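The chain contents come next:
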Amino acid sequence: MDFPFLLSTMKALLAATPTTLGLFSLSIFFGGLLALLIVTMRVSNNIVARNFAKGYIFVFRGSPLLIQMFLVFYGLGQFGVIRHSFVWPALREPFVCAVLSLALCTGGYSAEIFRSGLRAVPPGEVEAARAAGMSGFLLLRRIIAPIAFRHALPAYSTEIVLMVKSTALASLVTVWEITGVAQRLISQTYRTMEVFMCAAALYLILNFLILQVLALIEHRLNRHDRRPAERKPSVLSAFFGSRA
Amino acid sequence: MSATPRLSVRNIRKSFGAHEVLRGISLDAHDGDVISVLGASGSGKSTFLRCINLLETADDGDIVVNGEEITMKTTSHGRSAASRKQLDRIRTNLGMVFQSFNLWSHMTILENIIEGPVHVQKRPRAECVAEAEALLEKVGIADRKDYYPAHLSGGQKQRAAIARSLAMKPKVILFDEPTSALDPELVGEVLRVMRDLAAEKMTMLVVTHEMGFARNVSNRVIFMREGQIDCDGTPQDMFGGKGSPYFQQFIRHMETENDAA
Ligand SMILES: Nc1ncnc2c1ncn2[C@@H]1O[C@H](COP(=O)(O)OP(=O)(O)O)[C@@H](O)[C@H]1O
Ligand SMILES: [Mg+2]
């Protein structure tokens, strides 16, 4: 084992990690907002909005993310309106294109995940809230969204982990995130195995940490499913503060 | 008795498709009235209660709560409340207790009880918590306030649901078969709470199959049949043989069923 080489590889990959995390967090953030919009349209009574959302979800779940990314990266510049608009300086950036296509794609998946969460909200609990004088945004914020989110969280966790891995595709539109830097190192050193092993290890560590955070959130949100004696707030309260 | 009724229902009609479930129902509930609504399954009792607080919208008729009529409008989508604000406000005056409890599963019992007072009525949290604790004491589950609904027995859940509706200080409480989902040994604890409320002159409209409650606690019994009020009167009159032949047959049937159980 050539430890000095592994160490220098790790250093180079770690330097690219903020880019990967940036791609990931921005696309989850904007994709999440987009998903809220799409799911609102998807469950609305307006037939145009509903069908638009259906079509959106079908297109972005049904086609390869890599092709979506190429279309955004190489395709948008073909439109004069876009090339001459104020967003062009941003859209010319590979990083922005990658975030945009990652967000557009996860928006479709997340919308479906949120919708399955909404469908799991017991109608009786919504009726009880209406009977208590809740409606509109208050009803959504206090009753529907919290219950739906709890149901959606396991599937949403999976989507988040998939997104960490999907950021690797950004290397193909010249974003120097972990995978891109790994490929550059390989082309310089021809040591494919070692470099890719380091990159894979880095993704595993990232996902391990992200899954820990998600598990903590899930644990905290699912208190209502555990018997009172099983509730052990010790570790959690260190992270989130005690409620007592 | 010229006081304004707490609840006045005038000529409510409701159809689901071609099926006319309520065929003109009227009723006044005065302060302290405890009205038992009896009737065979499918006679429209739940639909009647749900039309009162507009969980279902009646096709025709008026609802007046404490002298205020719920204003309605008719659009191409059908009939609905004209003002969501008015409806929300009137709903806080109409408590509802469901057969299946419908406590909010993501909140503790205490959180369930202060939810409406804090977030709908916008009253100070500390005051609501103090009142909620007193209510939980009253229904006998003070020690369960930090439990989630999933960890309570059916009887405890229903008592929590009653406390939740009391927390809004409603003018009338509607009960839709509050003990029908309970194991027989848990029915008593819920009926005891309801009997206490009746003794405190809470105005209540109770759909029930508990003949003991109808006979001994309520001051008026209504018998529904095929979407209409078939007969009504005091429990003494109704159970003393003055109800319609259909009602006589109904109570005979209920009694044999209770004997069999
Ligand atoms: N949402 C609905 N859609 C269609 N039919 C309904 C609906 N709710 C109730 N019904 C019908 O209305 C009738 C009365 O129901 P319900 O009010 O629940 O009776 P009860 O509570 O007396 O058993 C039944 O025939 C039932 O099938
Ligand atoms: Mg019913």
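Calculation notes
Residues numbered from 1 in each chain as written. Chains lettered and ligands numbered in written order. Predicted model: local features only at pLDDT ≥ 70, side-chain atom pairs only at ≥ 80, totals over all residues. Heavy atoms only, no water. Near = heavy atom within 4 Å. Polar contact = N/O pair within 3.5 Å; in protein donor to acceptor, adjacent residues only side chain to side chain. Areas by Shrake-Rupley, 256 points an atom, 1.4 Å probe, with all protein chains shown as cover. Helix = DSSP H or I, 4+ residues; strand = E, 2+ residues; numbered from the N terminus. Nonpolar A, V, L, I, M, F, W, Y, C, P; charged D, E, K, R; others polar. Pairing = 2+ DSSP bridges. Contact = heavy atoms within 4.5 Å. Axes fitted to C-alpha atoms, helices over the stretch in contact; angles between N-to-C directions. pLDDT = per-residue confidence, 0-100. Patch = residues over 30% accessible without salt bridge, like charges linked within 9 Å, V, L, I, M, F, W, Y side chains within 5 Å. Salt bridge = Lys/Arg side-chain N within 4 Å of Asp/Glu carboxyl O.

(A) How the structure looks around the site of ligand 1. Residues and elements named next belong to chain B. Taken together, Phe 16, His 19, Val 21, Ala 40, Ser 41, Gly 42, Ser 43, Gly 44, Lys 45, Ser 46 and Thr 47 make up all the residues around ligand 1. Between an oxygen atom of ligand 1 and a main-chain N or O atom of Gly 44, the distance comes to 3.1 Å. Relative to its unbound accessible surface of 560 Å², ligand 1 loses 61% to contact with the protein. Of all the secondary-structure elements, those providing two or more residues to the shell around ligand 1 are strand S2 (19-29) and helix H1 (45-52). With three residues, the single largest contributor to the shell around ligand 1 is H1. Among the residues making up the shell around ligand 1, the classes are represented as three nonpolar, seven polar and one charged.

(B) Molecular detail of the sheet that holds strand S1 (residues 7-16) of chain B. Residue and element names in this part refer to chain B. With antiparallel pairing, the four strands of this open sheet are ordered in space as S2-S1-S4-S5. If you trace the sheet from one side to the other, it starts and ends with S2 and strand S5 (68-69), each paired once. Here S1 pairs with strand S4 (residues 60-65) via five bridges, running antiparallel. Across the sheet, the residue bridging to Val 9 is Ile 63, located in S4. Along the sheet face, H1 touches S1, S2 and S4 and points at about 120 degrees away from the line of S1.

(C) Representation of the confidence of the model for chain A in the model. Residues and elements named next belong to chain A. This prediction gives chain A a mean pLDDT of 90; 93% of its residues lie at or above 70. Mean pLDDT values over the elements of chain A span from 47, in helix H11 (residues 233-240), up to 97, in helix H7 (residues 123-131). The low-confidence segment residues 233-244, where pLDDT is below 50, has 12 contacts with residues more than four positions distant or belonging to other chains.

(D) Spotlight on a nonpolar patch on the surface. Taken together, Leu26(A), Phe29(A), Phe30(A), Leu33(A) and Leu36(A) make up a surface patch of nonpolar side chains, about 480 Å² in accessible area. Among the secondary structure elements, Phe29(A) is positioned in helix H1 (residues 3-42).

(E) Quick look at the pairing of S1(B). Residues and elements named next belong to chain B. Bridge count between S1 and S2: eight bridges; the pairing is antiparallel. Bridge pairing links Phe 16 to His 19 in S2. Taken together, S1 and the strand that follows it, S2, pair antiparallel across an intervening segment of two residues, in which Gly 17 is found at a positive phi of about 65 degrees.

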